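Here is what each chain is made of, one letter per residue.
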Amino acid sequence: MSATTGFNLSGLTEMINETEFGDKFYFDALMQNDTFAFARQYGEVLTGAKMDTYKLPRFDVTATLQDGSGCGQNSVDQTTFAQTTLTMVPIKIEGQFCASELEPYFLAAGLPAGQHYTQFNPLEANIIMRLKEQIAKKMGIFPYYGPTGSDTVTYANPWIELIQAAFGINAGTATPNNGGASGTDTNGVYNIVETLAGLFYANPDTAADANNGNIVVSMSPYDAWLYWQNYRTRWGLQNITPALQQLATGSYQTWTHPGTNISIATQNALGTGREIIASRKQNQVLAFDLESDATKILLWYDINDDLIKWRLKVKVGTAWRALNAQNINYWGTAS
């Protein structure tokens, strides 16, 4: 692979006529980005975040019962203001193509006539389409886990890292499973959700949120599959609730936990670490300078070096408005 052209052609043989089927490319499966949609529906998406750091405000008010006989004023209650830090980070993803390097191979059939390659459709369209899918995967994982793999950007405040640094919100660390032979293993995913739901119901301050549908549990699609196995083993197929009917038909996106008004939604990115997160809605914050930057690829021909170049630049940040047991409980590795 050339460091300057962006193509890895080591898997090809020169001068082989494969033009008949040479444009029927097959792509490996890639994670889809459902992170942004989840943040819009259950969290909060902020735009216009141009600066590097923001303070997200929150406050609380005390109410103290006093003896009300007689006259006078004894003001003891206070309004307490607090702030949560939202840190932004600029990211870029960029590369380039040297179309003439494709000429010795069957890929030459995808090049236009002449030697002025300002584009090389239809092959270029295939590459850009796949590039968008790769970028979508990266942008879906980054808010949860920050840089991964060969990423060189640094970011210390993705959602999972912030959770792991908090205290008093970790309900368990064992790897989630299908509940075992009887479905009663405490590490079964259905049973884990029962545990997380119980923490909100047991707290007088958050029980109403659980009842009113203001709690959402997020988990990976794999854990949703284990959840279904756990439920099926524990309660049997004769006890499928309407909320679980879509699981019974193999659709693992969103549903309501039986016996509660707590929503469960899958997040593809959580397949990376297998965390299961229960949070009050609007607690999870995703911020952009401009959200469309996360999907906008600039493509141009540079006459100075005869390369077709591309770039994506976005400024993104993540935060939780409150990291305490009144607002979030989760199951996963501790810091």
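For the structure, check the block above.
Rules used in this analysis
- Residues numbered from 1 in each chain as written.
- Predicted model: local features only at pLDDT ≥ 70, side-chain atom pairs only at ≥ 80, totals over all residues.
- Heavy atoms only, no water.
- Pairing = 2+ DSSP bridges.
- Helix = DSSP H or I, 4+ residues; strand = E, 2+ residues; numbered from the N terminus.
- Axes fitted to C-alpha atoms, helices over the stretch in contact; angles between N-to-C directions.
- Buried < 20%, exposed > 50% of the residue type's maximum accessible area, 1.4 Å probe, protein only.
- Polar contact = N/O pair within 3.5 Å; in protein donor to acceptor, adjacent residues only side chain to side chain.
- Contact = heavy atoms within 4.5 Å.
- Parallel < 35°, antiparallel > 145°, perpendicular 65-115°, else oblique.
- Nonpolar A, V, L, I, M, F, W, Y, C, P; charged D, E, K, R; others polar.
- Expected span 1.5 Å × (residues − 1).
- Core = buried A, V, L, I, M, F, W, Y, C linked by side-chain atoms within 4.5 Å.

### With respect to the sheet that holds strand β5 (residues 215–219)
Part 1 of the argument: Strand order in the open sheet formed by six strands is β4-β12-β8-β5-β7-β6, with mixed pairing between adjacent strands. Whereas interior strands pair on both sides, the edge strands pair on one side only; in this sheet they are β4 (170–172) and β6 (254–256). Strand after strand, the sheet turns through a mean of 20° between neighbouring axes, direction not considered.
Part 2 of the argument: Where β5 meets strand β8 (residues 276–280), four bridges bridge the pair, whose relative direction is antiparallel. Within β8, the residue paired with Val 216 across the bridge is Ser 279.

### Let's talk about the side chain of Thr 318
Part 1 of the argument: Along the chain, Thr 318 turns up in strand β11 (residues 307–320).
Part 2 of the argument: By relative accessible area, which is 2% here, Thr 318 ends up buried.
Part 3 of the argument: A polar contact is formed between the side chain of Thr 318 and the backbone oxygen of Asn 157, at a distance of 2.6 Å.
Part 4 of the argument: In this view, Thr 318 contacts Leu 86, Thr 87, Pro 143, Tyr 155, Asn 157, Pro 158, Trp 159, Leu 162, Val 285 and Leu 286; residues no more than four positions away in its chain are not counted.

### Topic: the packing of helix α1 (residues 35–42) against helix α2 (residues 123–145)
Part 1 of the argument: For the pair α1 and α2, interaxial distance at closest approach is 8 Å and the crossing angle is 55°. Our classification of the angle between α1 and α2 gives oblique. Where α1 approaches α2, its residues Thr 35, Phe 36 and Phe 38 are matched on the opposing element by Met 139, Gly 140, Pro 143 and Tyr 144.
Part 2 of the argument: Of the residues belonging to the contact of α1 with α2, the class tally is five nonpolar, two polar and no charged.

### Some words on the pairing of strand β9 (residues 284–288)
Part 1 of the argument: Burial analysis of β9 places five of its five residues in the buried class, the great majority of the element.
Part 2 of the argument: Across the two faces of β9 the burial is the same, with Gln 284, Leu 286 and Phe 288 and Val 285 and Ala 287 all buried.
Part 3 of the argument: Pairing analysis gives three bridges linking strand β1 (residues 44–46) to β9, with the strands arranged parallel. The partner of Val 45 across the bridge, within β9, is Leu 286.
Part 4 of the argument: Direction of pairing for β9 relative to β11: antiparallel, over a ladder of five bridges. Looking at the pairing, Leu 286 lines up with Thr 318 of β11.

### Notes on helix α4 (residues 189–202)
At 3.6 residues per turn, the α-helix brings residues three or four places apart onto the same side.
Part 1 of the argument: An ideal rise of 1.5 Å per residue puts 20 Å on 14 residues; α4 measures up with 20 Å between its terminal C-alpha atoms.
Part 2 of the argument: Residues of α4 that are buried include every one of Val 189, Tyr 190, Asn 191, Ile 192, Val 193, Leu 196, Ala 197 and Phe 200, and no others.

### Points about unusual backbone geometry
Part 1 of the argument: For the bond running from Asn 121 to Pro 122, omega is 10°, close enough to zero to count as cis.
Part 2 of the argument: Residue placement: Pro 122 occurs in the loop between β3 (79–97) and α2.
Part 3 of the argument: Of note in the backbone geometry, Arg 274 takes a positive phi value of approximately 70° without being a glycine.
Part 4 of the argument: With respect to the secondary-structure elements, Arg 274 resides in the loop between β7 (263–266) and β8.

### A word on the pairing of β5
Across a regular strand the side chains alternate sides, sitting on one face of the sheet and then on the other.
Part 1 of the argument: Counting buried residues along β5, five of its five residues qualify, which places the element largely inside the surrounding structure.
Part 2 of the argument: Neither face of β5 is exposed, since Ile 215, Val 217 and Met 219 on one face and Val 216 and Ser 218 on the opposite face are all buried.
Part 3 of the argument: Strand direction decides the pairing type here: β5 and β7, joined by four bridges, are parallel. Note that in β7 the partner of Ser 218 across the bridge is Ala 265.

### As for the nonpolar core
Part 1 of the argument: One finds Phe 120, Tyr 144, Ile 163 and Ile 277 to be the most contacted residues of the largest nonpolar core, which totals 48 residues.
Part 2 of the argument: Put simply, the parts of the chain that give this core at least two residues each are α1, β3, α2, α3 (159–165), β9, β11 and β12 (328–331).
Part 3 of the argument: Here this core gets nine residues from one element, more than from any other, and that element is α2.
Part 4 of the argument: Those residues in contact with Tyr 144, other than ones at most four positions away along the chain, are Thr 35, Phe 38, Pro 158, Trp 159, Ile 160, Glu 161, Gln 267, Ala 269, Leu 270, Ile 277 and Gln 284.

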